[in-house]
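# Structural overview
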Amino acid sequence: MLNLVLFGPPGVGKGTQSQYLTRDMGLLHLSTGDLLRSEIAAGSALGLEAKSLMDAGILVPDEVVIGMIKSKLQGNPDASGFIFDGFPRTIAQAEALDNLLQDLGTSIHCMISMTVPRQELIERLLLRGQDSGRTDDQDRGIIEQRLEEYLRKSAAVADYYRSQHKFKEIDGRGSMDSIYLRIQAALNTGSSSAGNGESTPV
Ligand code: B4P
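Residues numbered from 1 in each chain as written. Predicted model: local features only at pLDDT ≥ 70, side-chain atom pairs only at ≥ 80, totals over all residues. Heavy atoms only, no water.

### A few points about the site of the ligand
- Near the ligand you find 28 residues, and of these Gly13, Thr32, Arg37, Arg89 and Arg146 are the closest.
- In this structure, Arg37 approaches the ligand through a side-chain N or O atom, which is 2.8 Å from an oxygen atom.
- Ile58 is positioned such that a nitrogen or oxygen atom in its backbone is 2.8 Å from an oxygen atom of the ligand.
- Summarising the interface, the protein chains cover 89% of the accessible area of the ligand, which totals 990 Å² for the free molecule. (Near = heavy atom within 4 Å. Polar contact = N/O pair within 3.5 Å; in protein donor to acceptor, adjacent residues only side chain to side chain. Areas by Shrake-Rupley, 256 points an atom, 1.4 Å probe, with all protein chains shown as cover.)

Here is the structure:
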């Protein structure tokens, strides 16, 4: 099994690059954001609970997303590997993921962390908000709240993987194809210590 974590702040391009990786590597794409939006669309109790938090740009509780990932992992025993997009976003989620994968006799191969300057992130998300229907992409204040959540709760997850020598960082600016080439190069390098040794900036 090959298991990858795509990491970075909102709007860095995790979802976009996950699609390229899924197409070429046959891995199962697990986006907690997409899973939560499916729950909202289905009108489930979980979706109702998540909606108000997501609309406010706040992370949903760890146990909710860990439960969703657990059920996806258990429901796909024949997968050749997973791309985790938007998960883990807290240290508690990272620890839970390690335990879940250990139960399956596998582990995370590496985290690819993407960086893009804050102003470009805001512009990308506002642009997507014009036609995505995502309420959390339409208001600059909510987008800034999401970036704050990332800095306060998620940036430390990079250090978690760095300490396991599984961390690689790439520049998320430029064309989608050029970024994908950087990801492929990072996956093909033997060393897993790429990055500047500091917390991922926003
Ligand atoms: P997500 O759906 O994961 O949203 P996101 O991190 O804000 O970014 P997303 O994945 O959509 O964007 P991408 O980087 O692909 O989460 C939404 C909410 O769900 C969270 O705020 C939280 O409340 C909740 N949630 C999700 N997971 C959770 C967890 N684990 N724990 C707790 N709560 C959780 O950005 C792509 C945009 O940039 C697109 O518009 C794309 O077209 C554009 N783009 C991509 N590459 C580009 C490039 N090279 N140049 C220009 N634009 C580019």
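### A few points about the layout of surface pockets
- Approximately 980 Å³ is the volume found for the largest pocket.
- Looking at the largest pocket, it is lined by 45 residues, and the ones nearest its centre are Lys14, Arg89, Arg128, Arg134 and Arg146.
- Those elements that place two or more of their residues in the lining of the largest pocket are strand 1 (2-7), helix 1 (14-25), strand 2 (28-31), helix 2 (32-42), helix 6 (118-129), helix 7 (140-163) and helix 8 (176-188).
- Counted by class, the lining of the largest pocket contains 17 nonpolar, 17 polar and eleven charged residues.
- Counted as a void, the second largest pocket has a volume near 160 Å³. (1 Å grid on protein atoms, 1.4 Å probe; cavity = no way out; pocket = protein on both sides within 12 Å on 5 of 7 lines; lining within 4 Å. Points joined across faces, edges and corners; volume = space filled by probe spheres on them. Helix = DSSP H or I, 4+ residues; strand = E, 2+ residues; numbered from the N terminus. Nonpolar A, V, L, I, M, F, W, Y, C, P; charged D, E, K, R; others polar.)

### Remarks on helix 6
- For helix 6, spanning twelve residues, the distance from its first C-alpha to its last is 17 Å, which sits close to the expected 16 Å at 1.5 Å a residue.
- Within helix 6, burial applies to Leu121, Ile122, Leu125 and Gly129. The buried residues of helix 6 occupy an angular sector of 95 degrees when the element is viewed end-on, so they sit on one face.
- Considering only its buried residues, helix 6 is in contact with helix 7. (Expected span 1.5 Å × (residues − 1). Buried < 20%, exposed > 50% of the residue type's maximum accessible area, 1.4 Å probe, protein only. Arc of directions from axis to C-beta. Contact = heavy atoms within 4.5 Å.)

### Some points on the pairing of strand 1
- Judged by how many residues are buried, strand 1 sits mostly within the fold: five of six residues are covered.
- Where strand 1 lies against strand 3 (residues 81-85), five bridges are found, and the strand directions are parallel. Residue pairing for strand 3: Val5 is matched across the bridge by Phe84.
- One ladder, built from four bridges, connects strand 1 with strand 4 (residues 110-115); its direction is parallel. Across the sheet, the residue bridging to Leu6 is Ile112, located in strand 4. (Pairing = 2+ DSSP bridges.)

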